Amino acid sequence: MKIYTKTGDGGTSSLFTGERRPKSDDIFHALGNIDELNSYLGLANNSLKQLQINNNKLSNMAQTLIKTQSVLLDVGSNVATPTSSANERQSFRVRFNGDDLTLELEVGMDEMTQDLPPLKNFILPGGSISSCHLHICRSICRRAERSLEPLLRHNDLAGDVVKYVNRLSDYLFTAARFASYMEGVDEVVYKKAKEVKQ
């Protein structure tokens, strides 16, 4: 099977419903952000594998990131099937079980947070290399969430999809902190510019 179809050469692309829309449509903005997040999750997970730290919680985090990459494909399927134009069969095929998946993220966050020092100040994105990658994932996830809002507002998307993506950004923030903690790298606490020594 050829990877190219030439059907998008005119500036439109097809949804799961069969409908064609301009590539500038809100749906394709959201799909692009989700795809970018998925790519960076692969990079973040690869950097975690380089650590070779034997820790169950770190292993659980790496497994969660792999599962999340698959979940994001399901999120993409849901986004590409707007509820306003999908028939019952199409909607059933992309049904998203967001509540259980969101709960899994919350449990993972709670487990990592048990080991982390209390968060008393804003921290700067940074720390270890793997932490930096996870912070990039977090910020892309926030952008993805913002790009889902217009679809939710126009009743083209299930609310549990947005809820999952929102919780994922919280998970990625916690994961970034945990990665630095496991590598023994101190977090950089925010200070006002006038307080920062040159």
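From a predicted model like this one, the values you see are computed outputs, not experimental measurements. In this numbering scheme, every chain counts its residues from 1 along its sequence in written order. Only residues with pLDDT of at least 70 are given local features in this predicted model, and only at 80 or more are side-chain atom pairs given and counted; all residues enter the totals for whole chains, interfaces and linings. Side-chain measures here rest on the full set of heavy atoms in the structure, leaving out hydrogens and waters.

A.B. asks: Where do I start with the overall build of the chain in this structure?
C.D. replies: A tally of helices and strands in the chain yields six helices and two strands. Secondary structure elements of the chain, listed N to C terminal, follow the sequence β-β-α-α-α-α-α-α. In terms of its C-alpha atoms, the chain occupies a principal-axis envelope of roughly 55 × 40 × 35 Å. For the chain, buried positions account for 41% of its 198 residues. Contacts between residues were defined by any pair of non-hydrogen atoms, one from each residue, lying within 4.5 Å. Taking contacts inside the chain between residues at least 6 apart in sequence as the whole, the part at least 24 apart equals 78%. If you sum the accessible surface of the chain, you get close to 11,600 Å²; carbon and sulfur atoms cover 51% of it. Lys and Arg are tallied as positive, Asp and Glu as negative. Neither His nor the chain termini are counted. Taken as the charge centre is NZ of Lys, CZ of Arg, CG of Asp or CD of Glu, depending on the residue. Side chains of the chain give 24 positive and 24 negative charges; the mean places of these two sets differ by 5 Å. Labels follow the DSSP assignment, with helices taken as runs of H or I lasting at least four residues and strands as runs of E lasting at least two, numbered in each case from the N terminus. With a 1.4 Å probe rolled over the protein chains alone, any residue whose accessible area is under 20% of its type maximum counts as buried; one over 50% counts as exposed, and the rest are partly exposed. Residue burial considers only the protein chains on display, and all accessible areas are found by Shrake-Rupley using a 1.4 Å probe.

A.B. asks: Which parts of the structure should I look at to understand the nonpolar core?
C.D. replies: Among the buried residues, those of types Ala, Val, Leu, Ile, Met, Phe, Trp, Tyr and Cys that are joined through side-chain atoms within 4.5 Å form a nonpolar core. Membership of the largest hydrophobic core comes to 40 residues, with the highest contact counts inside it found for Leu 148 and Leu 172. Within the residue set of this core, elements represented by two or more residues are α1 (26–49), α2 (56–79), α4 (98–113), α5 (129–153) and α6 (159–182). In terms of residue count, α6 provides more of this core than any other element does, 12 residues in total. For Leu 148, the residues in contact, after removing those within four places along its chain, are Ala 30, Ile 34, Val 79, Leu 157, Val 161, Val 162 and Val 165.

A.B. asks: Is there a simple way to think about the packing of α1 against α5 in this case?
C.D. replies: Interaxial angles span 0 to 180 degrees and are taken between N-to-C directions of axes, which are lines fitted to C-alpha atoms, for helices over the stretch in contact. Interaxial distance between α1 and α5 falls to 9 Å at its minimum, and their mutual angle equals 165 degrees. Taken together, the axes of α1 and α5 are roughly antiparallel relative to one another. α5 is crossed by α1, and the crossing has left-handed handedness. Under the scheme applied here, ten amino acids are nonpolar (Ala, Val, Leu, Ile, Met, Phe, Trp, Tyr, Cys and Pro), four are charged (Asp, Glu, Lys and Arg), and all others, including Gly, are polar. Taken together, the residues of the contact of α1 with α5 sort by class into 18 nonpolar, six polar and three charged. Small angles under 35 degrees read as roughly parallel and large ones over 145 as roughly antiparallel, with 65 to 115 read as roughly perpendicular and the rest as oblique. Here is the rule for handedness: rotate from the far helix to the near one, and if that takes an anticlockwise turn smaller than a right angle the crossing is left-handed, while a clockwise turn gives right-handed.

A.B. asks: Before we go on, may I ask you to explain the packing of aromatic side chains in this structure?
C.D. replies: The description of two aromatic rings rests on the distance between their centres and on the angle between their planes. Stacked, edge-to-face and tilted are the three classes for Phe, Tyr and Trp ring pairs, Trp counted by its six-membered ring, which pair at centre distances within 6.5 Å; planes under 30 degrees apart are stacked, over 60 edge-to-face, the rest tilted. Scanning the model with the defined rule gives three aromatic pairs in all. On the basis of an interplanar angle of 70 degrees and a centroid distance of 5.8 Å, the ring pair of Phe 96 and Tyr 164 is categorised as edge-to-face. Residue Phe 96 is located in the loop between α3 (88–93) and α4, and its partner Tyr 164 is located in helix α6; the two are separated by 68 residues in the primary sequence. Judged on exposure class, the residue Phe 96 and its partner Tyr 164 are both buried.

A.B. asks: Can you help me understand the pattern of salt bridges in this one?
C.D. replies: When the charged atoms of two side chains lie near each other, side chains of opposite charge can form a pair. For this analysis, a salt bridge means a side-chain nitrogen from Lys or Arg found within 4 Å of a carboxyl oxygen belonging to Asp or Glu. Inspection of the entire model under this criterion finds nine salt bridges. Between Lys 67 and Glu 104 there is a salt bridge; the shortest N-O distance is 2.8 Å. Of this pair, Lys 67 sits in helix α2 while Glu 104 sits in helix α4; the two residues are 37 residues apart in sequence, bridging distant segments of the chain. Exposure remark for Glu 104: the relative accessible area of 41% places this residue in the partly exposed category. Of the charged contacts, one joins Lys 163 and Asp 99 as a salt bridge, the two residues approaching to 3.4 Å between their closest N and O atoms.

A.B. asks: I would appreciate a short explanation of α2 in the present structure.
C.D. replies: An α-helical turn contains 3.6 residues, so any two residues separated by three or four positions project in the same direction. One less than the number of residues in a helix, times 1.5 Å, gives the span that helix is expected to have. Counted at 1.5 Å a residue, the expected span for α2 with its 24 residues is 34 Å, and the 34 Å between its end C-alpha atoms agrees. The inward-facing, buried residues of α2 abut α1, α4, α5 and α6.

A.B. asks: Explanation requested: a nonpolar patch on the surface in the structure shown.
C.D. replies: Like charges within 9 Å and nonpolar side chains (Val, Leu, Ile, Met, Phe, Trp, Tyr) within 5 Å are joined into patches, using only residues over 30% in relative accessible area that form no salt bridge. Among the surface-exposed residues, Phe 122, Leu 124, Val 188 and Tyr 190 lie close enough to one another that they form a single nonpolar patch of about 430 Å² accessible area. Mapped onto the elements, Phe 122 comes out in the loop between α4 and α5. Overall, Phe 122 belongs to the exposed group, its relative accessible area being 67%.

A.B. asks: I tried to follow the side chain of His 135 on my own but got confused; where do I start?
C.D. replies: Among the secondary structure elements, His 135 is positioned in helix α5. Judged by its relative accessible area of 5%, His 135 is buried. Once residues within four sequence positions are removed from consideration, His 135 is found in contact with Pro 125, Gly 126, Phe 173 and Ala 176.

A.B. asks: Just to check I follow, could you spell out α4 for this structure?
C.D. replies: For α4, with 16 residues, the first-to-last C-alpha span of 22 Å sits near the 22 Å given by 1.5 Å per residue. Against α2 and α6 lie the buried residues of α4.

By themselves these figures say nothing about function.
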